[in-house]
Amino acid sequence: MEKIDFDYPTAKRRITKKAHVGVVGSGDMEVLMEPAQGKGAHVSITTSVNGFRDLWKAVFDRFFSKFDGAVHIQINDAGATPGSVLLRLEQAVEVINQ
Amino acid sequence: MSQTNIIPEFVSRRSFIELDGRRRAQSLFDEGTWKELVGPFDRMESPWLPLQGVAPQFDDGCIVIKGKIGGMPAVAIALEGAFQGGSIGEVSGAKMTAALDLAAKDSEAGKRTAAILLLETGGVRLQEANLGLAAVAEVISSVLALRPYAPVITLIAGTVGCFGGMSLAAGVSSYVVMTREARLGLNGPEVIEQESGINEFDSSDRALIWAIHGGEQRVAMGLADALVEDDAKNVKATILGYVQADLRPVYRSQQVEIYRDRIAALDTSEQIDPKSLRQKWNNETTGGLR
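This one's a predicted model, so the numbers in the text were calculated from it and none came from an experiment.

Cut-offs and rules
- Residues numbered from 1 in each chain as written.
- Chains lettered and ligands numbered in written order.
- Predicted model: local features only at pLDDT ≥ 70, side-chain atom pairs only at ≥ 80, totals over all residues.
- Axes fitted to C-alpha atoms, helices over the stretch in contact; angles between N-to-C directions.
- Helix = DSSP H or I, 4+ residues; strand = E, 2+ residues; numbered from the N terminus.
- Parallel < 35°, antiparallel > 145°, perpendicular 65-115°, else oblique.
- Left-handed = near helix turned anticlockwise from the far one by under 90°.
- Contact = placed C-beta atoms within 7 Å.
- Pairing = 2+ DSSP bridges.
- Buried ≥ 20, exposed ≤ 12 C-beta atoms within 10 Å, placed from the backbone.
- Right-handed = clockwise from strand over helix to strand, strands pointing away.
- Nonpolar A, V, L, I, M, F, W, Y, C, P; charged D, E, K, R; others polar.
- Expected span 1.5 Å × (residues − 1).
- Arc of directions from axis to C-beta.

Chemist: Help me out: how do you make sense of the packing of helix H4 (residues 90-108) of chain B against helix H5 (residues 129-146) of chain B in this one?
Modeler: To characterise two packed helices, one gives the angle between the axes of the helices and the distance between these axes. Residue and element names in this part refer to chain B. Running from N to C, H4 and H5 cross one another at 15°; their axes reach a closest spacing of 9 Å. It follows that H4 is roughly parallel to H5 by the angle criterion. For H4 against H5, the interelement crossing comes out left-handed. Note on element contacts: H5 touches H4 through Leu131, Gly132, Ala135, Glu138, Val139, Ser142, Val143, Ala145 and Leu146, opposite Glu90, Gly93, Met96, Thr97, Leu100, Asp101, Ala103, Ala104 and Ser107.

Written as structure tokens, this is what we have:
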């Protein structure tokens, strides 16, 4: 198991809603997306698969190249692929944009 | 004939099995009456899983929803089968027990609150060992405390099924509802094969497994009460019926003598097949329960 944290200080748009999507099932993950406490966005990942920090970084760099919300993202992961991770994130964004 | 009439019902239905634990529980309530208790945002995770290198889940795989069904107070407690096989640990067990105890308290005070257990579980979470076993004992005693005041309905939809310690909770509940896809048993097929050999039970034989553990067989043997189609509307209607139902004068789990006699009467000199077991156990019922 590995814990990974990222900061995206440039994501500053104020968010008011929160979202929870997904299940920590094999090849899947769950995400909590809430308004950030401090300035900018923060990502905190707990994954049962070790050694993929760079890949997580690439996925979130891409995600925050399009999304500018000041969110606190918390993830429990059971081996979701980068594609599934992005889908789950988009689902969460859909909920907070509703 | 219009187009809609020739589309069979099993195409237009909304599957219940395809819903996750949370949506299953939500789907049983009257629209707009429910709220989730100790949800994922409360972050009541298992403290034991990360110590063993396993990612936890924010709700520990146990979803508690309180609301109204047919206008009557009810609480649904769902185990999420996709997370750690729906296994019961310290936190998920405590959530289940606390919800049942609150329902018992309300019911005792005259506000009858039915409980629905949505069990998709292999039983005790091995990583939490004794704490999981203690949780099973607590859940069972809480079911027994609520049962005299309000119905406790176990719903097993599949496809994980209900095994191990939690099958005991199903056994003491007032009513058991299953789908054809669901399975119910104390020991799962792989455990039986591992302990007693492949001649006793071939866990790769799916037809055999469903002929023994499957919902249709369990209902036909009188060990479960209702068989429902995998259709969210049907499931909801069936649960509503049991929420409104009268309390049982006598429960399956109190009929120790009947079941002892039935087992004693089985002729084990030849192979018993599921079909004859149905006939023996269901037709001969005298005071027994369906």
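Chemist: I'm lost on the sheet that holds strand S2 (residues 62-69) of chain B in this one. Help?
Modeler: Strand-to-strand pairing in sheets goes through backbone hydrogen bonds, with the strands running parallel or antiparallel. Residues and elements named next belong to chain B. With mixed pairing, seven strands are arranged side by side in an open sheet as S1-S2-S3-S4-S5-S6-S7. Single-partner strands in this sheet number two, and they are strand S1 (35-37) and strand S7 (226-228). When strand polarity is set aside, the average angle formed by the axes of neighbouring strands in this sheet is 25°. Strand direction decides the pairing type here: strand S6 (residues 175-179) and S7, joined by three bridges, are parallel.

Chemist: Even after reading the chapter, I still don't get the pairing of strand S5 (residues 71-77) of chain A, so can you show me in this structure?
Modeler: On a regular strand, each side chain points to the face opposite its neighbour's, so the side chains alternate between the two faces of the sheet. Residues and elements named next belong to chain A. The buried fraction of S5 is high, at six of seven residues. Direction of pairing for strand S3 (residues 29-35) relative to S5: antiparallel, over a ladder of seven bridges. Its bridge partner lying in S5, Val31 is registered against Ile75. Of the strand pairs in this sheet, strand S4 (residues 41-47) and S5 are connected by six bridges, and their pairing is parallel. Paired with Val43 across the bridge in S5 is Ile73. Between S4 and its parallel partner S5, the chain crosses via helix H1 (residues 53-66), and the hand of that crossover is left-handed.

Chemist: It is not clear to me how the interface of chain A and chain B should be interpreted in this structure. Could you clarify?
Modeler: Put simply, an interface is often sized by how much accessible area is lost when its parts join up. Counting residues at the interface gives 14 residues for chain A, matched by 13 residues for chain B. Elements represented by at least two residues in the side of chain A that touches chain B include exactly S3, S4 and S5 of chain A. Split into classes, the residues belonging to the side of chain A that touches chain B amount to five nonpolar, six polar and three charged.

Chemist: Mind showing me how you'd approach H1(A) here?
Modeler: Note that an α-helix has 3.6 residues per turn; residues three or four places apart therefore point the same way. Residue and element names in this part refer to chain A. The end-to-end C-alpha distance of H1 is 21 Å, a good match for the 20 Å that 14 residues give at a rise of 1.5 Å each. Buried residues of H1: Val59, Phe60 and Phe64, and no others. Looking straight down H1, one finds that the buried residues subtend no more than 125° of arc, so they occupy a single side. Exposed side chains of H1 directed beyond 90 degrees from the buried face belong to Asp54, Ala58, Asp61, Ser65 and Lys66. Buried residues along H1 sit against strand S1 (2-8), S4 and helix H2 (82-97).

Chemist: Just to check I follow, could you spell out the packing of H1(A) against H2(A) for this structure?
Modeler: Residue and element names in this part refer to chain A. In contact at an axis separation of 11 Å, H1 and H2 are set at 40° when each is read in the N-to-C sense. Of the two possible hands of crossing, H1 and H2 adopt the one that is right-handed. Residue-level contacts link Leu55, Val59 and Phe63 of H1 to Pro82, Val85, Leu86 and Leu89 of H2. Counted by class, the contact of H1 with H2 contains seven nonpolar, no polar and no charged residues.

Chemist: Mind showing me how you'd approach the pairing of strand S5 (residues 152-156) of chain B here?
Modeler: Residues and elements named next belong to chain B. Burial within S5 is extensive, with five of its five residues counted as buried. Note: strand S4 (residues 114-118) against S5, four bridges, orientation parallel. Its bridge partner being in S5, Leu118 is matched across the sheet by Leu155. With respect to chirality, the unit in which S4 leads through H5 into the neighbouring parallel S5 is right-handed.

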